[in-house]
Amino acid sequence: MRLDKFLSQQLEISRAIASREIRAHRVTVDGEIVRDSAFKLKPEHQVEYDGNPLQQQFGPRYFMLNKPEGYVCSTDDPDHPTVLYFLEEPTAYKLHAAGRLDIDTTGLVLMTDDGQWSHRITSPRHHCEKTYLVTLELPLAEDTAERFAQGVQLHNEKTLTKPAELEVISDHQVRLTISEGRYHQVKRMFAAVGNHVVALHRERIGAIELDTDLEPGEYRPLTEEEIASVGVPA
């Protein structure tokens, strides 16, 4: 990659400004000042800007984040803070959420810059399971698990939801696993059976479980095994 393009991406500035910074002796490669904007970077090169190291990236990136309440999963929102606030990564703006959560929903969010990988999670035809810890306003009705297993009719939807698995934890708390991604699906499923969700926390996407060591707002890279678990079904 050209040095000016790399600097532009890292600092989120225009190529013209990057070239100006290079000509101003503010960029070094392997400790030597480089003034040529067209300088070709190699993977082993160590680049610094004003003495601060800039990290070259090779290949796509994958992270899990424990999303707190009050943040949106879009990369840019004029009214609310986004989850990118928590990612202290170069060119974090290139990352996107593979399966969004509502602003008031907490828990597992997968962030990546690999569009094909995230498509395997979000595409309806791949039926990627997601598990949520659900806190309810009213005591759970006895027939809820059976109704969810059969599929329920959501408001303004033509088809029933796909069979979902409900694990009862207490009268007001359950663990729900679904294989669809309809709009506000979990909240609407409980509304369809006369209840109301007061708190929603995603624990799992496919085979990837939220790391219990991550506090709200913390994140970590996915392991190779976790990344590979998001495969195309045979």
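For the structure, see preceding data.
Everything quoted here is computed from the prediction, not taken from an experiment.

A. Structural detail: the environment of E215. Looking at where E215 falls in the secondary structure, it is placed in the loop between β12 (208-209) and β13 (219-221). Expressed as a C-alpha distance, the spacing of E215 and T177, which sit 38 residues apart in the sequence, is 23 Å.

B. Inspection of helix α3 (residues 115-122) at higher detail. Along α3, the positions that sit buried rather than exposed are W117, S118 and I121. Within α3, the buried residues cover an arc of 90° as seen down the axis, which keeps them to one side.

C. Geometry of the packing of helix α1 (residues 3-11) against helix α2 (residues 15-23). Interaxial distance between α1 and α2 falls to 8 Å at its minimum, and their mutual angle equals 110°. With respect to each other, α1 and α2 are oriented roughly perpendicular. Note on packing geometry: the crossing formed by α1 with α2 is right-handed. For the pair α1 and α2, the contacting residues are L3, D4, K5, L7 and S8 in the first and R15, A18, S19, E21 and I22 in the second. Of the residues assigned to the contact of α1 with α2, the class counts are four nonpolar, two polar and four charged.

D. Focus on α1. Counting buried residues along α1, seven of its nine residues qualify, which places the element largely inside the surrounding structure. Inspection of α1 places L3, D4, F6, L7, S8, Q9 and Q10 among the buried residues, and these make up the whole buried set. Residues of α1 that are buried sit in contact with α2, β1 (27-29), β3 (47-49) and β4 (52-54). Looking one or two residues beyond α1, the residue adopting positive phi is E12, at roughly 55°.

E. Quick peek at the environment of A192. Summarising the element assignment, A192 is placed in helix α5 (residues 185-192). Since its relative accessible area comes to 31%, A192 is described here as partly exposed. The contact partners of A192, leaving out residues within four places of it in the chain, are R147, Q153 and L154.

Reading the values: the criteria
- Residues numbered from 1 in each chain as written.
- Predicted model: local features only at pLDDT ≥ 70, side-chain atom pairs only at ≥ 80, totals over all residues.
- Heavy atoms only, no water.
- Helix = DSSP H or I, 4+ residues; strand = E, 2+ residues; numbered from the N terminus.
- Buried < 20%, exposed > 50% of the residue type's maximum accessible area, 1.4 Å probe, protein only.
- Arc of directions from axis to C-beta.
- Axes fitted to C-alpha atoms, helices over the stretch in contact; angles between N-to-C directions.
- Parallel < 35°, antiparallel > 145°, perpendicular 65-115°, else oblique.
- Left-handed = near helix turned anticlockwise from the far one by under 90°.
- Contact = heavy atoms within 4.5 Å.
- Nonpolar A, V, L, I, M, F, W, Y, C, P; charged D, E, K, R; others polar.

Any functional reading would require information that these geometric values do not contain.
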